[in-house]
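Coordinate analysis (summary)
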Amino acid sequence: MLILTVENLSHSYGERTLFKNVSFNIETGDKIGLIGVNGTGKSTLLRHIAEMDGGRDPETGEPGKVVPNGTCVIEYLEQNPSYEPEASVLEQIFKGNSPMMALLRNYETLLDAAVLHPEDKNTQRKLLETQQQMDENFAWQLESEAKAVLHHLGITDFNQKMKTLSGGQRKRVALAGVLVRPSDLLILDEPTNHMDNETVAWLEEQLQKRKGALLMVTHDRYFFDRVINRTLELDNGNAYLYTANYSGFLQKRAERRELETAAARKLQNIYRRELAWISRGAEARRTKKKDRVERFAEIEAAAKEKINHQELEITSAATRLGKTVIELEHISCIYEGIEYIHDFSYILLRDDRVGIIGPNGVGKTTLMDIIAGKLQPDTGTVTIGQTVKIGYFSQHSEFPDENERVLQYIKDAGNYVLAADGTYISAAMMLERFLFPPELQWVPIRKLSGGEQRRLYLLRTLMEAPNILLLDEPTNDLDIPTLSVLEEYLDTFAGAVIAVSHDRYFLDRFAKRIFAVEPGGVLRQYPGGYSDYEKIRRQEAAEREGENPTAGKFRASEPVKTAPDASEAKREKTSGLTFSEKIELENLEEKIAGKEAESKMISREISLAGNDFVKIAKLSDELNNVEKELEALTERWLELSEKGE
């Protein structure tokens, strides 16, 4: 059934048009994911639909329309939701305008009053009457559901004032509210930001079961893939709707762009023929048909409006890295009686790819601050090599002066950057590669969207040519296209990378080992990415419950060490691999990843070599050798993997 129709929705400010003439329908059962580069107007589009405001065409001034089909109840979660500072958590949840919400608000108010003044008979009488109304309207189930949802989202004090909560907690309360309150259309803007992995998995399950329509912006690609059944893309001011999740969208978008490119080439050919015809001498022009002259003007305008599929391009060079990188020896951190890091030791390797996971508040950012030298541990030592240059992309973008213009902020890190191919790239060119056109480079930072500010902060971090990258929740507020390019950049980054993230796709894509931070500050190490970590945890749980005594071929280590100890060798008897073979298998995975990255770099150099056939021949020989080594490593990996099954 049709729920809502969007017709010719447009939005612009100044000379910049975010989107124009966006039209689509939302029907019952639709779960639509909105995708596009930061700054294209995703949040603005959601707000227009939530407020049923059609905007105006920037050229004609004609209003668009957001037309509900009858009564359409919309619940909308903004990126930064508003709240009543003095309201309790439950009062904030029940802020809706329906009679049921009013009844629940009244009950909670009377209950608080009855607890404070048990001798007040009038309050007791009103509470009893309200309880009877709750019985008649089956409202108890809704209250119980609200408390269960809050508990799943990590909120346990339901009477706590909203003003005392952190920003992340307030957003989770707002999310609980839109999930609990009945609606025909649920609109969510980045609902998974600042959530740990387990909570994201729970929300994913809730939205999969939801029967009403859903319109959502999210950067979490696993989440997107498993929840969404239609994808709406904003690209250069236009909107394209695909009946597909994220995986299907990638294929359909590539097909669309191929067709558009072919159509553009055909139009250019027609334009050249018409231009030759219109350019004939004055005598010939007098015989030209008026309608053909008018058609030429239309073709000329269309041909000059070239199709622009500008893609983000990350280019930078890392500083040389010596043998000593970063060594952590028996570090601990205690704050207000809570031990966030307990006796942690690790030697960071030059090509490490480490993902750090754990519930919110267990000390992941604290560990990153210690590694970056921003925080001293209570015990233990941190040794940083002389050649180490750390680039720290922290959770919150750091701008000393938000009135500073975009170009000047980047120039503060250097006027030029030395690219991997040996060329120098100016700050202005780097901004264009990061999708900041010249007109945006002179805008004050405060006027950028939240996502654009994150992308700018990322560029500044990379402009400083680090050889160690620390990324604290890099997927928060970065759009999916930017994340995809960042992951490709990390494939060939010549240094170590440590990232705190709740994004399962990102962790699977880049990490070679996972550090799980557990309560009490203990860190456990797991080989592989997030999916490997989940698999091992399931095996360990099954073994503990006695469901599968032979499970657990791959175990997490005890508190993190740089190498397995002798006790681990004894446990290898449960597997078909010897202890040394398991170590070899783990090292092979890293070697294969390294050879794959080397292959990509050589292929890229070949593509940049132009007509230098001598260089191309030399690079081709190198590529063949790398491919042979990669094939041999892969065959050995398969051999050991099959033996270990």
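Predicted model, so just to flag it, every value in this text is computed and none were measured. (Residues numbered from 1 in each chain as written. Predicted model: local features only at pLDDT ≥ 70, side-chain atom pairs only at ≥ 80, totals over all residues. Heavy atoms only, no water.)

Some remarks on the packing of aromatic side chains
Filter applied, for reference: Stacked, tilted and edge-to-face pairs are distinguished by plane angle, under 30 degrees for stacked and over 60 for edge-to-face with tilted covering the rest, among Phe, Tyr and Trp rings (Trp via its six-membered ring) whose centres lie within 6.5 Å. Helix and strand assignments come from DSSP, with helices taken as H or I runs of at least 4 residues and strands as E runs of at least 2, each series counted from the N terminus. With a 1.4 Å probe rolled over the protein chains alone, any residue whose accessible area is under 20% of its type maximum counts as buried; one over 50% counts as exposed, and the rest are partly exposed. We call a charge positioned over a ring when the NZ of a Lys or the CZ of an Arg lies within 6 Å of the ring centre and within 35 degrees of the ring normal.
Evaluation of the coordinates by the stated rule reveals 13 aromatic pairs. Ring centres of Phe224 and Tyr246 lie 5.9 Å apart, and the angle between their planes is 65 degrees; this geometry places the pair in the edge-to-face category. Of this pair, Phe224 sits in helix α8 (residues 221-227) while Tyr246 sits in helix α9 (residues 246-278), and the two are 22 residues apart along the sequence. With respect to class, Phe224 is no different from Tyr246; both count as buried. Relative to Tyr457, the ring of Phe399 has its centre 6.3 Å away and its plane inclined at 65 degrees; by these criteria the two rings are edge-to-face. With Phe399 in the loop between β14 (390-393) and α13 (406-411) and Tyr457 in helix α16 (residues 450-463), this pair connects stretches of sequence that are 58 residues apart. The burial state of Phe399 is the same as that of Tyr457; both residues are buried. By the ring-pair criterion, three or more aromatic residues cluster together here, those being Phe224, Tyr242, Tyr246 and Phe249. Stacked on the ring of Tyr240, the Lys or Arg Arg256 has its end atom at 3.6 Å from the ring centre.

Points about the sheet that holds strand β8 (residues 230-235)
Note the following rule: Should DSSP find at least two bridges between two strands, the strands are regarded as paired. Between N-to-C directions, angles span 0 to 180 degrees; the directions come from axes that are lines fitted to C-alpha atoms, helices contributing only their stretch in contact. The contact rule is simple, with two residues in contact once any of their heavy atoms fall within 4.5 Å.
Strands sit in the order β5-β6-β7-β3-β8-β9 across an open sheet of 6 strands; the sheet is mixed. This sheet does not close on itself; its edge strands, each paired only once, are β5 (74-77) and β9 (238-242). Neighbour-to-neighbour, the strand axes of this sheet turn through a mean angle of 15 degrees, independent of strand direction. In the sheet, strand β3 (residues 31-35) pairs with strand β7 (residues 213-217) via 4 bridges, with the strands oriented parallel. Across the sheet, the residue bridging to Leu34 is Val217, located in β7. The sheet contacts of helix α6 (residues 167-180) involve β5 and β6 (185-189), and relative to β5 the element is tilted by about 165 degrees.

Some words on the nonpolar core
Inclusion rule: Definition used in this section: a nonpolar core is a set of buried Ala, Val, Leu, Ile, Met, Phe, Trp, Tyr and Cys residues joined via side-chain atoms within 4.5 Å.
Ranked by size, the top nonpolar core spans 50 residues in total, and within it Leu150, Leu175, Leu188 and Leu207 carry the most contacts. Ranked by residue count, the leading element in this core is α6, at 7 residues. For Leu150, the residues in contact, after removing those within four places along its chain, are Val89, Leu90, Ile93, Ile155, Phe158, Val173 and Ala176. Listed in part, the 46 residues of the second largest apolar core include Val417, Leu471, Leu507 and Ile536.

Some thoughts on the pattern of salt bridges
Heads up, the rule is: Definition used for salt bridges: Asp or Glu carboxyl oxygen within 4 Å of a side-chain nitrogen of Lys or Arg.
According to the stated counting rule, one finds 17 salt bridges in the structure shown. With a closest N to O distance of 3.3 Å, Glu398 and Lys374 form a salt bridge. Of this pair, Glu398 sits in the loop between β14 and α13 while Lys374 is found in the loop between α12 (364-372) and β13 (379-384), placing the two residues 24 residues apart along the sequence. For Glu398, a relative accessible area of 39% corresponds to the partly exposed category. Ionic contacts of the salt-bridge type, sharing partners, join the residues Glu204, Asp220, Arg226 and Arg504 into one network.

Let's talk about helix α1 (residues 42-50)
Burial runs high along α1: 7 of the 9 residues are buried. Among the residues trailing α1, Met52 stands out with phi positive, at a value near 55 degrees.

A few points about empty space enclosed by the protein
Here is the rule: Cavity: a set of points on a 1 Å grid over the protein atoms alone where a 1.4 Å probe fits but cannot get out. Pocket: an open set with protein on both sides within 12 Å along at least five of seven lines, its lining residues, like those of a cavity, having an atom within 4 Å of a point. Grid points are joined across faces, edges and corners, and a volume is the space filled by probe spheres set on the points. We call Asp, Glu, Lys and Arg charged. Ala, Val, Leu, Ile, Met, Phe, Trp, Tyr, Cys and Pro are nonpolar, and the rest, Gly among them, are polar.
The tally for this structure, following the rule as stated, stands at 4 cavities of 30 Å³ or more. Considered as a void within the structure, the largest cavity measures approximately 90 Å³ in volume. Considering the residues around the largest cavity, the lining is formed by Ile326, Leu328, Phe344, Tyr346, Leu348, Val354, Ile356, Leu367, Ile371, Ile498 and Phe515. Within the residue set of the lining of the largest cavity, elements represented by two or more residues are β10 (326-335), β11 (338-348), β12 (353-357) and α12. For the lining of the largest cavity, the element with the highest residue contribution is β11, accounting for 3 residues. Of the residues assigned to the lining of the largest cavity, the class counts are 11 nonpolar, no polar and no charged. In this structure, the second largest cavity encloses a volume near 50 Å³.

Description of the pairing of strand β20 (residues 522-527)
As judged from the 6 bridges shared by strand β19 (residues 513-518) and β20, these two strands associate in the antiparallel manner. Counterpart to Phe515 in the pairing with β20 is Gln525. Counted between consecutive antiparallel strands, the loop separating β19 from β20 contains 3 residues, among which Gly520 sits at a positive phi close to 95 degrees.

Let's talk about the sheet that holds β14
The strand order β14-β17-β18-β12-β19-β20 describes an open sheet built from 6 strands, whose pairing is mixed. If you trace the sheet from one side to the other, it starts and ends with β14 and β20, each paired once. The sheet shows a mean angle of 15 degrees between the axes of neighbouring strands, direction not considered. As paired elements, strand β17 (residues 468-472) and strand β18 (residues 496-500) share 5 bridges and run parallel to each other. Within the sheet, the bridge partner assigned to Leu471 lies in β18 and is Ala499.

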